[in-house]
Amino acid sequence: MLDIQSIREDFPILQNQVHGKPLIYFDNAATTQKPRSVVERIENGYYNVNANIHRGVHFLSQAATEAHEEARKIVQRFIHARSSNEIIFTRGTTEAINLVASSFTDECLCEGDEIIISEMEHHSNIVPWQIQAARKGVTIKVIPVTETGELCLESYRNLFSEKTRLVSVTHMSNVLGTVNPVRELIDMAHAHDVPVLLDGAQAVPHMQVDVQELDVEFYVFSAHKIYGPTGIGVLYGKEEWLDRLPPYQGGGEMIATVSFEKTTFNELPFKFEAGTPDYIGSTAFAEAIQYVERLGLDQIAAYEHELLTYATERISTFDGVRIFGQAPQKGAVLSFLIGDIHHYDMGMLLDRLGIAVRTGHHCAQPLMKELGIEGTVRASFSFYNTKEEIDHFIEGLDRVVKMF
Ligand code: PMP
């Protein structure tokens, strides 16, 4: 059992007031709050361990390098990768997908080839592919979403052809909360000899991920959604794939030798890490992972499920409520509309009550179009949220509904 009150004390921001009301932070799918230990890591890094990493002979540079490389190992263990060479630090999920889209397209795609994504993707798993597809004349095929907000597996099966080169889908939807059946998705792709990228931005904060067990080729996520700092994230790639793909950006760190005649590239993981990395961010990221591990991902998942079930039950009592995403396998995301109240009005009025929710298209405009709406109100929960906060939220909704 998680001790929620003592957990809340680790997150100073949760004691803040907004518009004179206690903050109720239900925007965790956009970004999570940071525990004291993560912020202290950043502070300690800059105060005591700051020097540019790799190749430094002096004490501080070596200490900073060790901390950064230890962080890589912590990420490796967290997602059960085989080797720390398979962990590439990026600026986040978005950059990680852009990296794969660019390098994979350069190496593996020709005119007429096809890739498969889904209707529930975040823009960051759509637009990079569109940019690359336009460059090479590649076709993007899209797995449709059912009424309950699940991927239609029958359609998925039918999208494969001898031209399919990659599947890139989200592990968990940031709008619908749906946890996709990644085992089936990967097995079906592998049966066609097609590699898979999973966007784990929403999944890693809520469940155990084992990339070896999944046997997935690429897995990407952002630190800031798992209680870590902004501006850093991870690309996991199977070593044979990362070896095969060309570098994404050029610069310092990613080279072995440089001359005007010929440059050779560094080995993994450095081949994909041009320039000075966020070596303070990486250690704070590792601390965030260890924080989550101390709580236990199974305990987190169970508690967040309880919150989601409670919030869903309570919100279902409103007349005219529509909940988007009713999959049986669902993370702690509740997207909804009530009657014809505009999502933006709802968000603004809840904000006056100190309640932070997200409104709009959630960077998933194609999904909104398919659902026939402009946007939703989205409440997304974390282990530091409570049922009492959900009660306040329901009271807030009630007030808003009565105003209209
Ligand atoms: N994919 C999903 C499913 C997301 O929820 C997000 C963030 N909302 C992203 C990708 C992009 O993550 P970032 O902005 O951290 O790169």
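Right, let's walk through the structure included here. Because the structure is a prediction, the values reported are computed rather than measured. (Residues numbered from 1 in each chain as written. Predicted model: local features only at pLDDT ≥ 70, side-chain atom pairs only at ≥ 80, totals over all residues. Heavy atoms only, no water.)

A short note on empty space enclosed by the protein
To find leftover empty space, a probe the size of one water molecule is rolled over the atoms. Just so we agree on the cut-off: Only protein atoms enter the 1 Å grid, on which a cavity is a set of points fitting a 1.4 Å probe that cannot get out and a pocket is an open set with protein on both sides within 12 Å along at least 5 of 7 lines, lining residues being those with an atom within 4 Å of a point. Grid points are joined across faces, edges and corners, and a volume is the space filled by probe spheres set on the points. Under the convention adopted here, Pro, Cys and the residues Ala, Val, Leu, Ile, Met, Phe, Trp and Tyr are nonpolar, Asp, Glu, Lys and Arg are charged, and Gly plus all remaining residues are polar.
Following the criterion strictly, the structure yields one cavity of 30 Å³ or more and no others. For the largest cavity, the calculated volume is near 30 Å³. Forming the boundary of the largest cavity are Asn28, Ala29, Thr32, Gln202, Pro205, His206, Lys225 and Tyr227. Each residue belonging to the lining of the largest cavity can be placed in one class, and the counts come to three nonpolar, four polar and one charged.

Describing the pattern of salt bridges
Filter applied, for reference: Salt bridges, as used here, are contacts in which a Lys or Arg side-chain nitrogen is within 4 Å of a carboxyl oxygen on Asp or Glu.
Following the criterion strictly, the structure yields 22 salt bridges and no others. Through salt bridges with shared partners, a single network forms among Asp27, Arg358 and Arg378.

Focus on the layout of surface pockets
Threshold: Numbered from the N terminus, helices here are DSSP runs of H or I no shorter than four residues, and strands are runs of E no shorter than two.
Roughly 460 Å³ of internal volume is contained in the largest pocket. Lining the largest pocket are 28 residues, and of these Thr94, His122, Ser124, His224 and Lys225 lie nearest its centre. The dominant element in the lining of the largest pocket, judged by the number of residues it contributes, is helix H4 (residues 93–108), at four residues. There is about 310 Å³ of room inside the second largest pocket. The wall of the second largest pocket is formed by 14 residues, among which Val179, Met207, Gln329, Lys330 and Gly331 lie closest to the centre. Its residues placed into classes, the lining of the second largest pocket shows seven nonpolar, five polar and two charged.

Considerations on the sheet that holds strand S13 (residues 321–324)
Spelled out, the test is: Should DSSP find at least two bridges between two strands, the strands are taken to pair. Axes here mean lines fitted to C-alpha atoms, for a helix over just the part in contact, with angles spanning 0 to 180 degrees between N-to-C directions. Residues are treated as being in contact if the distance between any of their heavy atoms lies within 4.5 Å.
Judged by pairing direction, the sheet is antiparallel, and its four strands sit side by side in the order S13-S14-S17-S16 without closing on themselves. The open sheet has two free edges, formed respectively by S13 and strand S16 (358–360), since each of these has just one partner strand. On average, each strand axis in the sheet is inclined to that of its neighbour by 30°, with strand direction left out of account. For strand S14 (residues 333–338) and strand S17 (residues 376–380), the ladder comprises four bridges, and the chain directions are antiparallel. Counted as the bridge partner of Ser335 is Arg378 from S17. Across the sheet, helix H11 (residues 297–315) touches S13 and S14, and the angle it forms with S14 is around 10°. Contacts between helix H12 (residues 343–352) and the sheet are confined to S14, S16 and S17, with S16 contributing the most and set at about 160° to the helix.

A closer look at the packing of aromatic side chains
Stated precisely, the cut-off is as follows: Classification of ring pairs uses Phe, Tyr and Trp, with its six-membered ring standing for Trp, and accepts pairs whose centres are within 6.5 Å; under 30 degrees between planes counts as stacked, over 60 as edge-to-face, and the remaining range as tilted. Burial classes: relative accessible area under 20% of the type maximum marks a residue as buried, over 50% as exposed, and values in between as partly exposed (1.4 Å probe, protein chains only).
Applying the stated rule across the entire model yields 17 aromatic pairs. Ring centres 5.7 Å apart and planes at 85° place the aromatic pair Phe11 and Tyr291 in the edge-to-face group. Of this pair, Phe11 sits in the loop between helix H1 (4–9) and strand S1 (17–18) while Tyr291 sits in helix H10 (residues 279–295), placing them 280 residues apart in sequence. Here the two residues Phe11 and Tyr291 agree in accessibility, since each one is buried. Put simply, the rings of Phe11, Tyr227, Tyr291, Phe383 and Tyr384 touch in pairs and so form one group of aromatic residues.

Overview of the site of the ligand
Operational definition: The rule for a residue being near a molecule or strand is that one of its heavy atoms must lie within 4 Å of it. In protein, a polar contact requires one atom able to donate a hydrogen and another able to accept it; more generally it is a pair of N or O atoms within 3.5 Å, and residues adjacent in sequence count only if both atoms are side-chain atoms. Surface accessibility follows the Shrake-Rupley procedure with a 1.4 Å probe radius. Residue values consider only the protein chains on display as shielding. Think of it this way: a molecule belongs to a cavity or pocket when more than half its atoms come within 2 Å of the grid points there.
Around the ligand, the neighbouring residues are Thr93, Thr94, His122, Ser124, Thr170, Asn174, Asp199, Ala201, Gln202, Ser222, His224 and Lys225. Contact distances for the ligand include 2.5 Å between an oxygen atom and a side-chain N or O atom of Thr94. Measuring from a nitrogen atom of the ligand, one finds a side-chain N or O atom of Lys225 at 2.7 Å. Considering the ligand on its own, with 400 Å² of exposed area, one finds that the protein chains cover 84% of that surface. Counting atoms within 2 Å of the grid points, the majority share of the ligand lands in the largest pocket. Across the shell around the ligand, the residue classes tally to one nonpolar, nine polar and two charged.

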